[in-house]
Amino acid sequence: MIFRYENSSCDFDLSILRDDEFCFSVLTRILGQSPTLTITDKSTFIICYSNAPHPVWIWIRDEATLGDMEMVYDLVKMNFGFEGEYTFNTKYFFAKYIMAREPYKITTNLTAYICPMPTKPRKEPIGHIELATEKDFELLSSYLEEFSHSVGIFPLTAEGARAKASDFIARKGLYFWVDEHGDKVATCNYSPVNEQGIINAVFVRSDKRKRGYGAMLVYEVSKIIVADGRLPILYADTDYEASNACYRSIGYLSKGCLCTIGRK
């Protein structure tokens, strides 16, 4: 039986994601936040779309049969289409299944990392972390807009960046690294989700990079997450070796990969 949820949280047992809990930790968070649309059989697959401009998440069990994949493909095509309006986050084997039928390509390779025991970076810059507050609204807005354009996946407008900054400040999980001159030069956000602490919005101001600020900030925020009794988790662009090396150097361990696909 196929179940459909619209603009509501999902009442099914998310233990079906246990074997993929790290790669699909963001999906778990989205499922608890009343996403726009979720379609699932509660055992083999989950199709979930939060809202624009984010990707549609497609989780499918590793043991899925060709019949299962055909059914999920048909559901995705019926509800979202493959005309290019949507991108999709999924496992590689299902991405290949779609790309064999549609003019889609892999746009981003993602590695999921966990950090049971944060390790202090070898380079320890002078400075400290500081929680973002309302007084930081304008600065954070500008950083988020710059960050979104540097990543290039979902560039934010100035208005969108301001809305996101307001949300980060309200949730009280966005931290700055303040350098030896008192300048707030880097950001890192922590979102608690059950036993996990998801790290995102890791950004270092362009003129302050390669000084160890990003690694030190992520290390300090990771320590906060561990002290809260949660496991730090983050995603990194697999093809950007500098960031991957940075995360590995402070104790992050790779726990699997997935990809984003979009129209050619």
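Right above here is the structure, for reference.
Residues numbered from 1 in each chain as written. Predicted model: local features only at pLDDT ≥ 70, side-chain atom pairs only at ≥ 80, totals over all residues. Heavy atoms only, no water.

**Details of helix H2 (residues 66-79)**
- Taking 1.5 Å of rise per residue, 14 residues should cover 20 Å, and H2 covers 20 Å from first to last C-alpha, within 8% of that figure.
- Every buried residue of H2 is accounted for by Asp68, Met69, Val72, Tyr73, Leu75 and Val76. The arc that holds the buried residues of H2, viewed along the axis, is 160°, so those residues lie on one side. Those residues of H2 that are exposed and angled more than 90 degrees off the buried face are Leu66 and Met78.
- Tucked inside the fold, the buried residues of H2 contact strand S2 (37-40), strand S3 (45-49), strand S4 (56-60), strand S5 (88-90) and helix H3 (92-99).
- A positive phi of about 80° marks glycine 81, the residue just after H2. (Helix = DSSP H or I, 4+ residues; strand = E, 2+ residues; numbered from the N terminus. Expected span 1.5 Å × (residues − 1). Buried < 20%, exposed > 50% of the residue type's maximum accessible area, 1.4 Å probe, protein only. Arc of directions from axis to C-beta. Contact = heavy atoms within 4.5 Å.)

**Some words on the pattern of salt bridges**
- For the structure on display, the rule yields 16 salt bridges.
- Lysine 120 serves as the salt-bridge partner of glutamate 124, at 3.9 Å between the closest nitrogen and oxygen.
- For lysine 120, a relative accessible area of 43% puts it in the partly exposed group.
- In this structure, aspartate 136 engages lysine 184 in a salt bridge whose closest nitrogen and oxygen atoms are separated by 2.4 Å. Within this pair, whereas aspartate 136 is found in the loop between strand S7 (127-131) and helix H4 (137-151), its partner lysine 184 is found in strand S9 (residues 184-193), the two being separated by 48 residues in sequence. When sorted by exposure, aspartate 136 lands in the same class as lysine 184, which is buried.
- Three or more residues joined by partner-sharing salt bridges are found here, namely Glu130, Lys135, Asp136 and Lys184. (Salt bridge = Lys/Arg side-chain N within 4 Å of Asp/Glu carboxyl O.)

**Overview of the environment of phenylalanine 203**
- Within the element layout of this structure, phenylalanine 203 appears in strand S10 (residues 196-204).
- Once residues lying within four places of it in the same chain are set aside, the contact partners of phenylalanine 203 are Tyr143, Glu146, Phe147, Val185, Ala186, Thr187 and Arg209.

**Observations regarding the sheet that holds S10**
- With mixed pairing, the twelve strands of this open sheet are ordered in space as S1-S2-S3-S4-S5-S12-S6-S11-S10-S9-S8-S7. Both outer strands of the open sheet, strand S1 (3-6) and S7, are each paired with one neighbouring strand and no more. Taken pair by pair, the neighbouring strands of this sheet meet at an average axis angle of 20°, ignoring direction.
- Across the sheet, H2 lies against S1, S2, S3, S4 and S5, angled at about 15° from S3, the strand it touches most. (Pairing = 2+ DSSP bridges. Axes fitted to C-alpha atoms, helices over the stretch in contact; angles between N-to-C directions.)

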